[in-house]
Every structure is written in structure tokens, then in C-alpha cells.
Amino acid sequence: MTKPTRSLNAATSIRSVMVWDIGIRLFHWSLVLAVLVAVLTGFFGSPGTTSLHLFAGTSIAVLLLFRIIWGLVGSTYARFRNFLFRPSQIIARFRELKAGQHNRYLGHNPLGAAMVIALLLVLLIIVSTGVVVLGGTLKQGPLAFMTPYAVGSIVKEVHQIFAFGLIGMIGLHLAGVIYETLIGREKLIHAMISGKKIEEPHIDHPTTVRTHVVIGLTSFIAISAFGFGLVTTLSAKPGLGVPLTALDSTYEKECGACHYAYHPSMGTVALWTGILEGLPNHFGEDATLPDATKTQILHYLLDNSAEHWDTRISKVLAKPNPDDPLRFTATRFWTRMHSDLPEALFKMKPIGFKGNCAACHQDAKRGLFAPQSIDIPQGDKL
Amino acid sequence: MIQRIFLTVLLAVLGSALAIAAGAQKPILDGYASQAKAEMSGFSGFSAERGKVFFLAKHDASAETPSCATCHTADPTKSGQTRAGKEISPMAVSKTPDRFTDSEKVEKWFQRNCQSVLGRACTAQEKGDFITFMASI
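Since the structure is predicted, the reported quantities are computational estimates derived from the model, not experimental observations.

### A short note on the overall build of chain A
And then number 1: Tallying secondary structure elements over chain A gives 13 helices and two strands in all.
And then number 2: On C-alpha atoms alone, chain A measures out to a radius of gyration of 29 Å, which is more than a quarter above the 21 Å that the 2.2 N^0.38 rule sets for 382 residues.
And then number 3: Its C-alpha atoms give chain A principal-axis dimensions of roughly 105 × 40 × 40 Å.
And then number 4: Looking at chain A as a whole, 29% of its 382 residues are labelled buried.
And then number 5: The contacts in chain A between residues at least 6 apart in sequence include a share of 67% that link residues at least 24 apart.

In C-alpha cells:
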């Protein structure tokens, strides 16, 4: 009995082997950070965190690219072919766990491997749908030139469903790690930091393959550079259904004399007709215009009304509040989007009243209303 | 001798510049004066004092805009603000020299704002007094 004990303690029998190479470990913890930022800004974010969400999403895309390349040319345990188990093996692992048996694996166990593949696929779906949402609803990014608002809006639901799914999967992934650490006594977290696992003679391990560092990194850099160029070029194209021309000078002069000259894309034909016909009592004030000027402005507004564009603002303001159908700030969308802002803020000097969109939306004059263009002034109270 | 000529010329130039500056509102005021004469028999010229009283008076046609001063503030040398948050440059001619020089613009705003604040059109005398007051400060 003494002999085996001694041999177990001997340096030749128990030794650490490198399982997770430096690339895998950096990938894993960078991904943890990027996903954490993306999830937090996605679920609890405000317009101010949009840029951070997009940055996190872009980082995830780059990390996934690296992981895919490394899964093809990286070190032994990084290769996909060494953790693509058959369904029967995954079921067998389930049975093992139920029976309380515990076979060790140096790389991923079949169940953990299935989760890793699923996580990578779901992240790919979330990143891709995110690009469609960005293009369709905000008319930003590489797909803005071709994605209709309606498509972006539906895909947003898909993006959100998969994001909820991702959170569930992260929960299971963590549960698996905790189970393996406490019950299976496999120091998984430690292994993902040091890269090393304890090797035992009876554990099968895959045939060691050569790591193609140069091929891997070269293709990662080349594809990243190509992707960056493609995204930059496509993002520079004008967005589908986004107004580009400047405001009509007569409209801007006459209507802009008293208030922010609302972009024509914000109002429907019905709204603009109602506004222009009601000028003698324009929200409690007489704003009468000479007939010729009125006709000219009406034509301009109708030619550029919400029906002509595909921007978010042209869609969301198109549903009027029946009690106050001509007021943008009475719509449900406006109320919902500004619900977190104190009533007193709108009375402060540079803003003055709720309909002064351009006081905070720096791109309101162009009818864009990007979340990244919001800058709430720190005014003095009236 | 040269100095005296130079001074005379300088004074003449300055004097005519001042006269032009003060008189830029004259054509519009003349127009309102002849209208006022037609509207009322005892018209005897405009008064800055009456204009000031009119500008500050509270009317009851509108709860939102009871007075000219609601938007223009009680001090016409200061900038005002429309109910919709847009800045209005000062009404005082000393601060905004091109005030009351474009008769179309003047009529457009008297028509709108008299209707909003007073609930009626203003008389030629009210308009003339208003401009005279704004030109005096």
C-alpha cells in the first residue's frame, strides 16, 4: 500500500500540464468583461451608454473572430475538433453526473464543451442582430444604408430574446464551474488563470498538435483590418430613408422665429395640415402668416413629411395622442422617453419648454435624434 | 485753423450719423401718425411714457401671455424668451438698431401679438407709442 502512495506523490506522476494557452485565457477574461459591459448597458443603459454598448459589442465581435481562428489553428485544447463531442457522449456525461461518478477531462468535459459551443453561437447571433438593429432603427453602422426601420425594429426583439437566453446560459456555465470546483474538485477558475491542470496518468488526452501562432495571428490581423475597412466604408454610406437636405430657409425663418424649427420628418401629412390650418390659434398664440408664405411652407412640409422617411423619429411620433393630436410632446413615445427627466429641467433657461428639442438633441435640426447626440445643458434656473 | 476745420467736419459727420440712427424708425412712425390722425380727432403725437405704460400693462385676453413684458421682460434692453424657449433680441432700439425698420415685419408681429395679448388689433396710436418708447431707451 505504501508504494502507490509514494508514486502518486512523486513528481513524475502528478504534474501540471498547460491546457489553456495564453490566447484562450486572454480571450476568456476579455470576453467576460465585454459581455458584462454589454449586458449592463443593454438592460440598464440610458441614451448616454449607447456608445459604450456599441463598443462592447464591437469588442465581442473581434474576440469571437479570434476565438474562431484559434479554434482552427490554435493549441491542442483550443481546437474545436477536440471539444466537438457526439450527442451520445454528452448524454453519457449526464448519466455519470447522476450516478455520482466523476471522470476527469483535461480539456472541456462533453457537457461544458457543448455550453462553450452554444455560448459562442449565441454571441455570434447577438452581435449580428445588433448590427441589424443599429442599422435599421438608428441608421448607424455598416447596415444603415440598406436596413428598413421595420426590419431593425423586429430584429431588436430577436436581439433581446437571445440576450435573455445568454444570461440564462451564463448562469448554467457558472453553475457548472461551481459544481466541478466543489464536487468534482476540478480547479476550473484557477485553470483559466494559470492555464494549468493537474495531469493524471489514466486521463485520455487528445494528440498534441502544433500551434500555428503566425498563421493564426496573421489571419486575425488581416481579417480584422479588412473588416474595419469594410465597416468604415459601409457606415459612411447615407442611411436608408434618412433626410440629407438642409431645412427650407423660409420655413426655418418663419417657424424658427418663435420655436425650434421641428424637422418636417417629425410630422405626418395630417399633423402639418392641422398645424398650418390652425395658425391663428397656434397653441394659444396667434401665429398668422400671409397666405403665400403659409402655402409655401405647407408644401415644403408635406413634401418632406414623416411618410417620406424611414428614420426612427418619423415612425415613433406618427402615433398622435387623441387628446392633443398636434403636440409632439403629448405622444406616448415622447412621454416614455423623457419620463426620467424632472419637470423643472424643461423650465430652465436654455431649454424653456418641453418642445425645445434642439436644446438637448444636438442633431435635432437634421431630424436625426441619435442617442449619442444628446447633451443636456446645465442651465441656470429661471 | 486746420484743427478747427477738422473738428467741424468731425462734428458734422457724427451729427448726421446720429440723426440717421435716430431716424431709422421715422418712416414707420410717420405712417402710424397719419393713421392715428385718421383714427382719432384729437391725436397730438406719440408719447414714450404712454408706450411704457402700455408695454407693462396686464391684460386679460390670455392667461399665458397677459402682457408684452411676459415674453420681452419688463426691461426692453434685455433679451426676452418666447414661450417655446427661443431667445428674443432686446426690443430697445439702442440694443437692436434694426428694430422697427421693416414695416412688413413690424405689422406681422403687431397683428399676432396684439391678438395674443390684448385679444384685439392695436390702434395706430398704441403702435406709435410703443415704438417711440422703444426708440427712447
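So much for the structure itself; the text now carries on.
### Some details on the overall build of chain B
And then number 1: When its secondary structure is counted, chain B shows six helices and two strands.
And then number 2: Ordered by position in the sequence, the α and β elements of chain B form the string α-α-α-α-β-β-α-α.
And then number 3: Expressed as a percentage of its 137 residues, the buried residues of chain B come to 24%.
And then number 4: A separation of at least 24 residues holds for 57% of the contacts in chain B among residues at least 6 apart in sequence.

### Digging into the packing of helix α10 (residues 269–277) of chain A against helix α11 (residues 291–303) of chain A
All names here are of chain A.
And then number 1: Taken N-terminus to C-terminus, the directions of α10 and α11 make an angle of 165°; their axes are 10 Å apart at the nearest point. Relative to α11, α10 is oriented roughly antiparallel. α10 and α11 meet at a crossing whose hand is right-handed. Note on element contacts: α11 touches α10 through Lys294, Ile297, Leu298, Leu301 and Leu302, opposite Val269, Trp272 and Leu276.
And then number 2: Partitioning the contact of α10 with α11 into residue classes produces seven nonpolar, no polar and one charged.

### Here's the deal with the interface of chain A and chain B
And then number 1: At the junction of the two partners, chain A supplies 13 residues and chain B supplies 13 residues.
And then number 2: Here the side of chain A that touches chain B is built from residues that sort into five nonpolar, six polar and two charged.

### Details of the packing of helix α2 (residues 26–39) of chain B against helix α6 (residues 124–136) of chain B
All names here are of chain B.
And then number 1: For the pair α2 and α6, the least separation of the axes is 8 Å and the interaxial angle reads 150°. For the element pair α2 / α6, the angle class is roughly antiparallel. As α2 runs across α6, the sense of the crossing is left-handed. The residues of α6 that touch α2, namely those facing Ile28, Leu29, Tyr32, Ala33, Gln35, Ala36 and Glu39, are Ala124, Gln125, Lys127, Gly128, Ile131 and Thr132.

### Observations concerning the environment of B:Lys127
All names here are of chain B.
And then number 1: With respect to the helices, strands and loops of the structure, Lys127 is situated in helix α6.
And then number 2: Under the C-beta neighbour-count criterion, Lys127 is labelled buried, with 25 such atoms within 10 Å.
And then number 3: Residues Lys127 and Cys114, 13 residues apart in the sequence, show an inter-C-alpha distance of 9.7 Å.
And then number 4: Setting aside its immediate chain neighbours within four residues, Lys127 contacts Tyr32, Phe110 and Cys122.

### So, the confidence of the model for chain B
Residues and elements named next belong to chain B.
And then number 1: Of all residues in chain B, 84% attain a pLDDT of 70 or more, and the chain-wide mean is 87.
And then number 2: The secondary-structure element of chain B with the lowest mean pLDDT is helix α1 (residues 2–23), recorded at 56, while helix α3 (residues 48–56) shows the highest, at 96.
And then number 3: Here the complex is predicted with pTM 0.85, and the ipTM for its interfaces comes to 0.77.

### Quick notes on the domain arrangement of chain A
Residues and elements named next belong to chain A.
And then number 1: What the domain assignment lists for chain A is domain 1 (11–236) and domain 2 (249–373).
And then number 2: Centre-to-centre, using C-alpha coordinates, domain 1 lies 46 Å away from domain 2.
And then number 3: Taken together, the contacts link nine residues of domain 1 with seven residues of domain 2.
And then number 4: The class makeup of the residues in the side of domain 1 that touches domain 2 is four nonpolar, four polar and one charged.

### Notes on the nonpolar core
Residue and element names in this part refer to chain A.
And then number 1: Ala34, Ile60 and Val127 are the most contacted members of the largest nonpolar core, which has 32 residues in total.
And then number 2: Here Ile60 is in contact with Leu31, Ala34, Val35, Ala38, Leu123 and Val127, once residues within four sequence places are set aside.
And then number 3: Counting residues in each nonpolar core, the second largest holds 21 residues, with Ala261, Tyr262, Leu271 and Ile297 among its members.

### Re helix α2 (residues 22–44) of chain A
Residue and element names in this part refer to chain A.
And then number 1: For α2, with 23 residues, the first-to-last C-alpha span of 33 Å sits near the 33 Å given by 1.5 Å per residue.
And then number 2: Within α2, burial applies to Gly23, Ile24, Ala34, Val35, Ala38 and Thr41.
And then number 3: Of the surrounding secondary structure, the elements contacted by the buried residues of α2 are α3 (50–73).

### Some words on the environment of A:Glu186
All names here are of chain A.
And then number 1: Relative to the helices and strands, Glu186 is located in the loop between α6 (149–182) and α7 (188–194).
And then number 2: On the basis of neighbour counts, which here come to 21 C-beta atoms within 10 Å, the residue Glu186 falls in the buried class.
And then number 3: Apart from the residues within four sequence positions on either side, Glu186 is in contact with Arg104, Glu180 and Thr181.

### Things to note about the environment of B:Ser67
Residues and elements named next belong to chain B.
And then number 1: Relative to the assigned elements, Ser67 resides in the loop between α3 and α4 (68–72).
And then number 2: Separated by ten residues in sequence, Ser67 and Thr77 place their C-alpha atoms 17 Å apart.
And then number 3: If near-sequence neighbours (up to four positions away) are discounted, Ser67 is found in contact with Leu56, Ala57, Lys58, His59 and Val117.

### Concerning unusual backbone geometry
And then number 1: Its identity as a non-glycine residue notwithstanding, A:Arg185 has a phi of 50°, on the positive side.
And then number 2: With respect to the element layout, A:Arg185 can be found in the loop between α6 and α7.
And then number 3: In this structure A:Arg185 comes out as exposed when scored by C-beta crowding, with 10 C-beta atoms within 10 Å.
And then number 4: If you check the backbone angles, B:Thr73 has positive phi at about 65° while not being a glycine.
And then number 5: With respect to the helices and strands, the residue B:Thr73 is situated in the loop between α4 and β1 (80–81).

Each value, and the rule that gives it
Residues numbered from 1 in each chain as written. Chains lettered and ligands numbered in written order. Predicted model: local features only at pLDDT ≥ 70, side-chain atom pairs only at ≥ 80, totals over all residues. Helix = DSSP H or I, 4+ residues; strand = E, 2+ residues; numbered from the N terminus. Rg over C-alpha atoms; globule rule 2.2 N^0.38 Å. Buried ≥ 20, exposed ≤ 12 C-beta atoms within 10 Å, placed from the backbone. Contact = placed C-beta atoms within 7 Å. Axes fitted to C-alpha atoms, helices over the stretch in contact; angles between N-to-C directions. Parallel < 35°, antiparallel > 145°, perpendicular 65-115°, else oblique. Left-handed = near helix turned anticlockwise from the far one by under 90°. Nonpolar A, V, L, I, M, F, W, Y, C, P; charged D, E, K, R; others polar. pLDDT = per-residue confidence, 0-100. Domains from an automatic or database assignment. Core = buried A, V, L, I, M, F, W, Y, C linked by C-beta atoms within 7 Å. Expected span 1.5 Å × (residues − 1).

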